[in-house]
Amino acid sequence: GAVVSQHPSWVICKSGTSVKIECRSLDFQATTMFWYRQFPKQSLMLMATSNEGSKATYEQGVEKDKFLINHASLTLSTLTVTSAHPEDSSFYICSARDPGLSEKLFFGSGTQLSVL
Amino acid sequence: RKEVEQDPGPFNVPEGATVAFNCTYSNSASQSFFWYRQDCRKEPKLLMSVYSSGNEDGRFTAQLNRASQYISLLIRDSKLSDSATYLCWRGKLIFGQGTELSVKP
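Not measured: the values here are computed from a predicted model. (Residues numbered from 1 in each chain as written. Chains lettered and ligands numbered in written order. Predicted model: local features only at pLDDT ≥ 70, side-chain atom pairs only at ≥ 80, totals over all residues. Heavy atoms only, no water.)

With that settled, consider the overall build of chain A. Helix and strand content of chain A: zero helices and 11 strands. For chain A, the N- to C-terminal ordering of α and β elements is β-β-β-β-β-β-β-β-β-β-β. If you line up chain A on its principal axes, its C-alpha atoms span 40 × 30 × 25 Å. Residues classed as buried in chain A amount to 50% of the 116 residues present. (Helix = DSSP H or I, 4+ residues; strand = E, 2+ residues; numbered from the N terminus. Buried < 20%, exposed > 50% of the residue type's maximum accessible area, 1.4 Å probe, protein only.)

Put into structure tokens, the structure is as follows:
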């Protein structure tokens, strides 16, 4: 299947700092990538759809200024958690579809964010 | 009603048991369905696609019932390594909340 790389795997930061998470499609071009958040024992919640060369589409209740998304190339999308607070601590996962593999969704390995 | 609903479990079964999960969906226009497996603090990995005609892969069988709007996953001869959370996905970025399976020796 397609390969999606996400970095870093773990982040521990102080409250008030910003954290950037990168998501790369390694063997295909992804015009669209998706960012999910997952709290313990809960399902994946779609936060936003990242569109290459244009603004991201955010789901209801997700603050655009809090979670900045940039999709500057066909293989890279970034999520920046600005002015992080302890309640932002969560597991963040990116995903993308390989156009050549139908509707299957492939995931990055996730980033566990802990805000102290 | 949520778009996709699953019984969160946990399902605690002994090794060798057969276990089945269901996932109901509310949008009758949904076309594609998949089962994903997620281990703790790991990314979901695609387990199998779900077709109306059924899909079997070794010990795993997936079924789609359009009339009743649910999909199912059957695991035969459960292994310890099958312990994970199983997520259903209807191909429109919406996941079920996952069903936790714990296989005990």
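Take G58(B): it is sitting in the loop between strand 6 (55-57) and strand 7 (60-65). As for G58(B) and I75(B), which are separated by 17 residues in sequence, their C-alpha atoms are 9.1 Å apart.

A few words now on the pattern of salt bridges. Residues and elements named next belong to chain B. If you walk through the whole model with that rule in mind, you get seven salt bridges over all chains. K79 is paired through a salt bridge with D77; the nearest N and O atoms lie 2.9 Å apart. Residue class for K79 comes out partly exposed when judged on its relative accessible area of 33%. (Salt bridge = Lys/Arg side-chain N within 4 Å of Asp/Glu carboxyl O.)

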